[in-house]
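The chain contents come next:
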Amino acid sequence: MAGRPAKPVALCGDSKLTKAEKQAREEAEKKYKGVGKLVYRCPSDLVTKREKDLYKFIVKHLKSSGILNDLDIEIIKSTVFCIISMNDANEFIRKHNTVLTDENGKFYKNPAVNIYKDFHAMYLSNSIRLGLSPADRAKLSVIDIKNKQLEEDPLLKALKNRR
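Residues numbered from 1 in each chain as written. Predicted model: local features only at pLDDT ≥ 70, side-chain atom pairs only at ≥ 80, totals over all residues. Heavy atoms only, no water.

### Focus: the overall build of the protein chain
Rule in force here: Runs of H or I in DSSP of at least four residues are treated as helices and runs of E of at least two as strands, each being numbered from the N terminus. What sets the accessible areas is the Shrake-Rupley method with a 1.4 Å probe; for residues, cover comes only from the shown protein chains.
Within the protein chain one finds seven helices and two strands. Total accessible area computed for the protein chain in this model is approximately 12,100 Å², and 57% of it derives from carbon and sulfur atoms.

### Details of the pattern of salt bridges
Rules: Only one rule defines a salt bridge in this text: a Lys or Arg side-chain nitrogen within 4 Å of an Asp or Glu carboxyl oxygen. Only protein chains enter the accessibility calculation, which uses a 1.4 Å probe; a residue is then buried when its area is under 20% of its type maximum, exposed when over 50%, and partly exposed in between.
A full pass over the atoms with the stated rule returns four salt bridges. Among the ionic pairs, Asp-53 bridges to Lys-49, the shortest N-O distance being 2.6 Å. Of this pair, Asp-53 and Lys-49 both sit in helix H3 (residues 49-63), four residues apart, roughly one helical turn. You can call Asp-53 partly exposed: its relative accessible area is 37%. Taking relative accessible area as the criterion, Lys-49 reaches 61% and is therefore assigned exposed. For Asp-88, the salt bridge is made with Arg-50, and the minimal N-O distance between the two is 2.8 Å.

### A closer look at the packing of aromatic side chains
Definition in use: Two rings from Phe, Tyr or Trp (for Trp, the six-membered ring) form a pair when their centres sit within 6.5 Å of each other. Planes less than 30 degrees apart are called stacked, planes more than 60 degrees apart edge-to-face, and all others tilted.
According to the stated counting rule, one finds one aromatic pair in the structure shown. Measuring from ring centre to ring centre gives 5.4 Å for Phe-81 and Phe-119, while their planes differ by 80°; the resulting arrangement is edge-to-face. Highlighted residues: Phe-81 in helix H4 (residues 73-96) and Phe-119 in helix H5 (residues 111-130), separated in sequence by 38 residues. Relative accessible area serves as the criterion here: at 48%, Phe-81 is assigned to the partly exposed category. Residue Phe-119 is classed as buried on the basis of its relative accessible area, which comes to 17%.

### Thoughts on the packing of H3 against H4
What counts here: All axes here are fitted lines through C-alpha atoms, helices being fitted over the stretch that makes contact, and every angle between N-to-C directions spans 0 to 180 degrees. Throughout, the term roughly parallel applies to angles under 35 degrees, roughly antiparallel to angles over 145, roughly perpendicular to angles from 65 to 115, and oblique to all others. Here a crossing is taken to be left-handed if its near helix is turned anticlockwise relative to the far helix by less than a right angle, and right-handed if that turn runs clockwise. By definition, residues are in contact when any of their heavy atoms lie within 4.5 Å.
Relative to each other, H3 and H4 sit at 125°, their axes nearing to 10 Å. Considering the angle they form, H3 stands oblique to H4. Considering the relative orientation of H3 and H4, their crossing is right-handed. Contacts between H3 and H4 involve Arg-50, Glu-51, Leu-54, Tyr-55, Ile-58 and Val-59 from the former and Ile-73, Ile-76, Lys-77, Thr-79, Val-80, Ile-83, Ile-84, Asn-87 and Asp-88 from the latter.

Structure representation (structure tokens):
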């Protein structure tokens, strides 16, 4: 599969999808979405307070989007691990700098720089999948506003009540 990973339709905003394509994708996503009960509970294999707090923070802020389900638990845990590892590497870099010297006075790059870079790449990948980027959050807010407007539309309300 080449190209960028597909995003949930809710994160696509006013994309180039036709109305029929969008509806088909929404139906397919509903079919595969699954249950969303366990995702809102902190997994038992997250043991430190730092891991638990970060997991709860991410889930809390994504709950209103309605895009999470139990299948997302592992990617959220992976994201938590990436953030913690990035922070640990960054702390080491701040303490020891990006360039170190060996016992002979030769300079070399702090290994924590590569560690940070690797976990940052994984974090960015996870962020795209979870809709954590500023652009994705902006799209979600636009979708929320449109949905609210549709719910409050008097004509649509009257048509719904007519059934």
